[in-house]
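Observations on the model geometry
Letter by letter, the chains look like this.
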Amino acid sequence: MLNTRFLNLPGRGITLHVRCAHAEGGPAFVMSHGLSSNCWTWEQVALVLHQAGCPVVTVDQRGHGRSDKPDHGYDFESISADMEAVITALKLERPVFLGQSWGGNVALHLAATRPGLLSGVGFIDGGFLSLQKSLGSDWNTVKERLSPPDFRGRQVEDLREAIQSNHPDWAPTGVQHTLGNFAVADDGTVSPNLSLDNHLRILHALWDMDPEGYYGQVRVPVLICPAESSDDPERIEYRRQQVALAEEGLARSRTMWFKDTDHDIHVHRPQRLAEVLLEAVSSGLWGT
């Protein structure tokens with residue numbers, strides 16, 4: 001059972017919402033969500049890891065979920081400093097850091113810029129994301145294509161039905177946890193927890209990041225877990241090229257493809273993802 005905590009991070013001027021559970025015997029896992037998501041989306045993976053004896057921590061990044069929502073600090077260096085402060089505050093000894101989507105790129109930056117902090121990293125359909133290579137070097141075009149839809153005023157039950165309809169094989173718990181991306185008013189209408197301005201700040205930082213420039217600085221083993229759900233051969237080939245670049249640039253990595261799986265691997269296939277993570281532990285990928 002995970003417990004909720006609010007960490008007031010010394011020197012950071014911010015309080016982050018985390019869910020965590022202590023255990024003995026396995027490596028600690030810290031889990032970071034994707035852009036405009038929330039820590040609850042990691043809940044089912046975290047429960048399996050904890051049942052296997054691993055301490056677990058899931059984090060609402062700044063601007064997301066129940067964490068503070070300042071209008072600054074959404075660059076990768078600031079987010080990495082937040083994560084270092086979380087690890088220090090919880091007295092975690094070289095945890096494995098998992099990041100999904102944008103969170104995977106956070107994991108890459110954290111491992112590259114803070115040697116000795118982690119024992120390993122997991123890229124969960126992220127970490128190798130390069131928006132400039134996939135969408136081009138014009139920020140305004142990227143901004144127009146990737147700006148989020150406006151969900152404000154939509155009824156939560158309508159949104160629940162839409163998520164379930166778009167992801168028919170997601171478990172109801174996964175749908176519920178995804179609804180944690182939104183605040184729900186007394187009248188049942190929703191609004192995103194991450195403001196549009198902060199969403200665009202993160203998107204710009206992601207667009208500006210070149211993952212290839214960081215791979216060579218990562219000295220801990222990386223488990224790469226890409227999803228493959230598209231029927232578009234060009235898109236599949238592009239993703240395979242990006243993963244191949246990560247494999248080539250990283251000192252030590254292992255790749256496990258998740259075929260017929262949504263981008264939100266941790267929501268779509270939490271049990272399988274947890275099993276892959278535990279297999280990585282038992283095989284000694286992360287030095288255990």
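For the structure given in this document, a descriptive report is provided here. Every value quoted in this text rests on a predicted model; they were computed, and no experiment measured them. (Residues numbered from 1 in each chain as written. Predicted model: local features only at pLDDT ≥ 70, side-chain atom pairs only at ≥ 80, totals over all residues. Heavy atoms only, no water.)

What follows concerns the overall build of the chain. Looking only at helices and strands, one finds 12 helices and 12 strands in the chain. By the compact-globule yardstick of 19 Å for 288 residues, the chain fits well, its C-alpha radius of gyration being 18 Å. If you line up the chain on its principal axes, its C-alpha atoms span 50 × 45 × 40 Å. A buried classification covers 53% of the 288 residues belonging to the chain. Here the chain has roughly 12600 Å² of accessible surface; of this, 48% comes from carbon and sulfur atoms. Between the centroid of the 25 positive side chains of the chain and the centroid of its 36 negative side chains there is a distance of 5 Å. (Helix = DSSP H or I, 4+ residues; strand = E, 2+ residues; numbered from the N terminus. Rg over C-alpha atoms; globule rule 2.2 N^0.38 Å. Buried < 20%, exposed > 50% of the residue type's maximum accessible area, 1.4 Å probe, protein only. Areas by Shrake-Rupley, 256 points an atom, 1.4 Å probe, with all protein chains shown as cover. Lys, Arg positive; Asp, Glu negative; His and termini not counted. Charge placed at Lys NZ, Arg CZ, Asp CG, Glu CD.)

Our focus in this paragraph is the sheet that holds strand β4 (residues 56–59). Within a beta sheet, neighbouring strands are joined by backbone hydrogen bonds and run either parallel or antiparallel to one another. Pairing in this open sheet of 8 strands is mixed, and the strands run β1-β2-β4-β3-β5-β6-β9-β11 from one edge to the other. Since the sheet does not close on itself, it has two edges, and those belong to β1 (3–9) and β11 (253–255), each with one partner. Between one strand axis and the next, the sheet turns through 20 degrees on average, direction left out of account. With 4 bridges connecting them, strand β3 (residues 29–32) and β4 associate as parallel partners. Within β4, the position partnered with V30 by the bridge is V57. Contacting β3, β5 (96–100) and β6 (120–124), helix α3 (residues 102–113) crosses the sheet at an angle of about 145 degrees to β5. Against the sheet, helix α12 (residues 270–282) touches β3, β5, β6, β9 (222–225) and β11, its axis set at about 155 degrees to β9. (Pairing = 2+ DSSP bridges. Axes fitted to C-alpha atoms, helices over the stretch in contact; angles between N-to-C directions. Contact = heavy atoms within 4.5 Å.)

Take the packing of aromatic side chains next. Within the structure shown, the criterion is met by 3 aromatic pairs. Residues W139 and W207 carry aromatic rings whose centres are separated by 5.6 Å and whose planes lie at 45 degrees to one another, so their mutual orientation is tilted. With W139 in helix α5 (residues 139–146) and W207 in helix α8 (residues 196–208), this pair connects stretches of sequence that are 68 residues apart. Plain terms: the ring middles of F151 and F182 are 5.2 Å apart, the flat faces sit at 75 degrees to each other, and that makes the pair edge-to-face. Here the residue F151 occupies a position in the loop between α5 and α6 (156–166), and F182 occupies one in strand β7 (residues 182–184), the gap between them amounting to 31 residues. You can call F151 partly exposed: its relative accessible area is 23%. (Phe/Tyr/Trp six-rings, centres within 6.5 Å; stacked < 30°, edge-to-face > 60°.)

Two numbers describe a pair of packed helices, the interaxial angle and the distance between the axes. For the pair helix α2 (residues 76–89) and α3, the least separation of the axes is 9 Å and the interaxial angle reads 80 degrees. Considering the angle they form, α2 stands roughly perpendicular to α3. Contacts from F76, E77, I79, S80, M83 and E84 of α2 reach α3 at W102, N105, V106, H109 and L110. (Parallel < 35°, antiparallel > 145°, perpendicular 65-115°, else oblique.)

This next bit is on α8. With 13 residues, α8 extends 18 Å from end C-alpha to end C-alpha; this agrees with the ideal 18 Å at 1.5 Å per step. Of all the positions in α8, only N198, H199, L200, I202, L203, A205, L206 and W207 are classed as buried. (Expected span 1.5 Å × (residues − 1).)

The pairing of β1 with strand β2 (residues 14–21) spans 7 bridges and is classified as antiparallel. Within the sheet, the bridge partner assigned to L9 lies in β2 and is I14. Adjacent in sequence and paired antiparallel, β1 and β2 are bridged by 4 residues, among which G11 carries a positive phi angle near 80 degrees.

Below, the discussion takes up a negative patch on the surface. Together, D231, D232, E234 and D260 make up a region of like negative charge exposed at the surface. Within the secondary structure layout, E234 lies in helix α10 (residues 233–249). (Patch = residues over 30% accessible without salt bridge, like charges linked within 9 Å, V, L, I, M, F, W, Y side chains within 5 Å. Salt bridge = Lys/Arg side-chain N within 4 Å of Asp/Glu carboxyl O.)

Moving on: the pattern of salt bridges. The full count for this structure, using the stated rule, is 14 salt bridges. Two residues, D125 and R239, come together in a salt bridge whose shortest N-O distance is 2.1 Å. With a gap of 114 residues between them, D125 in the loop between β6 and α4 (131–135) and R239 in helix α10 connect regions that are remote in the sequence. Each member of the pair D125 and R239 is classed as buried. E279 is the salt-bridge partner of R272, the closest N and O atoms lying 3.5 Å from each other. Take E279: its relative accessible area is 38%, and that puts it in the partly exposed class. A network of salt bridges, in which partner residues are shared, links R12, R62 and D82.

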